[in-house]
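# Reading the structure
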Amino acid sequence: MSGRSPQGAERTAAEPPDPQHRSAPEETPRRAPAPTGTTPAPAEAPAPHTPAAGPGQGTVPGAGGAPGPAPARGRRPAVRRAAALLAVLAAGAVILAALNSGTRHGHLDPRSADPAGSRAVAELLKERGVTTRVVTTAREAAAATGPRTTLLVTDPDRLGATQRSAIRSAIDLSGGRTVLLAPGEVSLPDLSPGVRTEGDSRRDDLDPRCTLPAATSAGRAGTGGNLRYTTTLPGATACYPSDGRPTLLVLPTGTTGGDTVLLGSETILLNESLAEQGNASLALHLLGSRPDLVWYLPSLADSDPDTGTGDADKSLLELVPAGWSWALLQLCVAAVLAALWRARRLGPLVTERLPVAVRASEATEGRARLYRKAGARDRAATVLRAATRERLAALVGVPPTRAHEPASLVPAVSARLTGGPTDVTALLFGTAPSDDAALVALADHLDALEREVRTS
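Residues numbered from 1 in each chain as written. Predicted model: local features only at pLDDT ≥ 70, side-chain atom pairs only at ≥ 80, totals over all residues. Heavy atoms only, no water.

## Some words on the state of the cysteines
We apply this condition: Disulfides are defined in this document as cysteine sulfur pairs within 2.5 Å. Strands here mean DSSP runs of E at least two residues long; helices mean DSSP runs of H or I at least four residues long; both are numbered from the N terminus. Relative accessibility thresholds used throughout: buried, under 20% of the residue-type maximum; exposed, over 50%; partly exposed, between the two (1.4 Å probe, protein chains only).
Taken as a whole and judged by the stated rule, the model has 1 disulfide. Each sulfur in the disulfide pair Cys-210 and Cys-239 lies 2.0 Å from the other. What sets the handedness of the Cys-210 and Cys-239 disulfide is the S-S torsion sign, and at about 100° it is right-handed. With a gap of 29 residues between them, Cys-210 in the loop between strand E4 (195–200) and helix H7 (213–218) and Cys-239 in strand E6 (residues 237–242) connect regions that are remote in the sequence. Take Cys-210: its relative accessible area is 16%, and that puts it in the buried class. Cys-239 sits in the buried class, given a relative accessible area of 0%.

As structure tokens, then:
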């Protein structure tokens, strides 16, 4: 550290320029001559820093070798990397969605490989020479039926009155087989008159207990767990009873060779349960008795708005698929972990060594040169007076918060003066000097005033 006193350093800041006595560090080095045809670049000069003009404002950082804030050049590459990562993730999601679009179709869909789909039974039927055709309207289903056709209606209760009438006509006139999957009180009066439901079965796997060849070959199967039926129609075959009520009914139709199968549960057609018990055998016998299978998946256009399927009574959370709830839970856990990671510092702060240590005297001289070059006498005078007021307030017992108030500082300083009369107010709170000589004189007077108060 230099042995220069604070008063001397401040006085150096107020010295006017002297062309005859320039210090060596202030001289600007000469530039090498530029090549012919080019314009030499102007010499780089430090921009003048504006110091604080009074209390409550920040001080000006030193210019003597202190590096300024570096531009944030690493922000753009980081943004680009993040954008590239998001683009890769989006492309991967699109590719996966495109690859899986052919395997995810919905509940009981013969094209779906999901656990609730029916692709497995469709593939087994294909190996046995049965052609499966998917339709979504009752008109298409009725037009495709015939003596060599099995019509499977996956959701009879969804159909409207017009659609149920079309399916009933196909049952009576086709001469083929019609399989109604879990028909309830809404569709039974139109599709199977004389059959009623008798509540749900309390058991899932049931024994055949009938003479139907398809049931005896399959044995125990998962036809329970849903609806049971009862009927008084002649010629009906009742199988897989639960508490005395069958879960599988086979009814003959008016056309020779045709029949209608009422299956109370969809379990034997699902991918996830096809391999259990005799489900696969029973499904193949019921759906593979004819060479053509028409798989009717009723669309919203075929639904009856007055009857519905019970979805209107479900809450919003019940309508959300189960997989989305798990995904939402994982996102919440990830968000909590990210918040904990960003909110907690892993260890104490590490101090970084500065590349260059600048002495206080050099910083003061550098600031003085900036003031002189910019001709900022008012700024230099403001800095000198503010620093003097703060030191005088500490000497005379004035609080630092009131050091820049004339009503508090001037009487206390005047009381400590023993010499001749001095205009303390003009000296500490006066106007800016008009020239460099007045600035030097102001620095001398402030130094003398502080020395007198300190020695009094």
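Next comes the rest of the write-up.
## Considering the pairing of strand E2 (residues 149–153)
Rule in force here: Two strands pair if DSSP finds at least two bridges between them.
The buried count for E2 comes to 5 of 5 residues, which makes it a mostly enclosed element. Burial of E2 is two-sided: the residues Thr-149, Leu-151 and Val-153 facing one way and the residues Thr-150 and Leu-152 facing the other way are all buried. Where E2 lies against strand E9 (residues 292–296), 5 bridges are found, and the strand directions are parallel. Residue pairing for E9: Thr-150 is matched across the bridge by Leu-293. Bridging between E2 and strand E3 (residues 177–181) involves 4 bridges; their strand directions are parallel. Within E3, the position partnered with Val-153 by the bridge is Leu-180.

## A closer look at helix H5 (residues 161–174)
Our working definition: Multiplying 1.5 Å by the residue count of a helix minus one yields the expected span of that helix. An arc is given here, and it is the one of the directions from the helix axis to the C-beta atoms.
Compared with the 20 Å implied by 1.5 Å per residue over 14 residues, the 20 Å span of H5 between its first and last C-alpha is a close match. Residues Gln-163, Arg-164, Ile-167, Ala-170, Ile-171 and Ser-174 constitute the buried set of H5. Looking straight down H5, one finds that the buried residues subtend no more than 120° of arc, so they occupy a single side. Facing away from the buried side of H5 by more than 90 degrees, the exposed set consists of Thr-162 and Leu-173.

## Some details on helix H3 (residues 119–127)
So the rule is basically this: For this analysis, residues touch if any pair of their heavy atoms sits within 4.5 Å.
Listed in full, the buried residues belonging to H3 are Val-121, Ala-122 and Leu-125. Across the axial projection of H3, the buried residues extend over an arc of 100°, all falling on one side. Structural note: H3 exposes Lys-126 and Glu-127 on the side pointing more than 90 degrees away from its buried face. Buried residues along H3 sit in contact with helix H8 (279–287) and E9.

## Brief notes about a nonpolar patch on the surface
Quick note on the threshold: Within this analysis, patches are made of residues with over 30% relative accessible area and no salt bridge. Like charges are joined at 9 Å or less; nonpolar side chains (Val, Leu, Ile, Met, Phe, Trp, Tyr) at 5 Å or less. Computed with a 1.4 Å probe, the accessible areas rest on the Shrake-Rupley method; for each residue, only the protein chains presented here act as cover. We define a salt bridge as a contact between a side-chain nitrogen of Lys or Arg and a carboxyl oxygen of Asp or Glu at a distance within 4 Å.
On the surface, a nonpolar cluster with roughly 630 Å² of combined accessible area is contributed by Trp-326, Leu-329, Val-333, Val-336, Leu-337 and Leu-340. Note that Leu-337 resides in helix H10 (residues 322–343).

## Things to note about the pattern of salt bridges
Summed over the entire model, instances satisfying the criterion amount to 16 salt bridges. Salt-bridge contacts for Glu-123 lead to Arg-119; the nearest nitrogen and oxygen are separated by 4.0 Å. Taken together, the residues span about one helical turn, with Glu-123 and Arg-119 both in helix H3 at a distance of 4 residues. What makes Glu-123 partly exposed here is its relative accessible area of 36%. Owing to a relative accessible area of 32%, Arg-119 belongs among the partly exposed residues under this scheme. When salt bridges that share partners are traced, they join Arg-391, Glu-450 and Arg-454 into one network.

## Brief notes about the nonpolar core
Keep this limit in mind: Here, nonpolar core refers to any group of buried Ala, Val, Leu, Ile, Met, Phe, Trp, Tyr and Cys residues whose side-chain atoms link them within 4.5 Å.
In terms of nonpolar packing, the biggest core is built from 32 residues, with Leu-212, Tyr-240, Leu-248, Leu-269, Leu-282 and Leu-287 touching the most fellow members. Mapped by element, the contributors of at least two residues to this core are H3, E3, H7, E6, strand E7 (245–252), strand E8 (259–263), H8 and E9. Here this core gets 5 residues from one element, more than from any other, and that element is H8. With 23 residues, the next largest nonpolar core counts Leu-409, Leu-427, Leu-439 and Leu-449 among its residues.

## A few points about the side chain of Thr-230
In this fold, Thr-230 is placed in strand E5 (residues 227–231). The class for Thr-230 is buried, based on a relative accessible area of 14%. With near-sequence residues (within four places) excluded, Thr-230 lies in contact with Gly-194, Val-195, Arg-196, Glu-198 and Arg-245.

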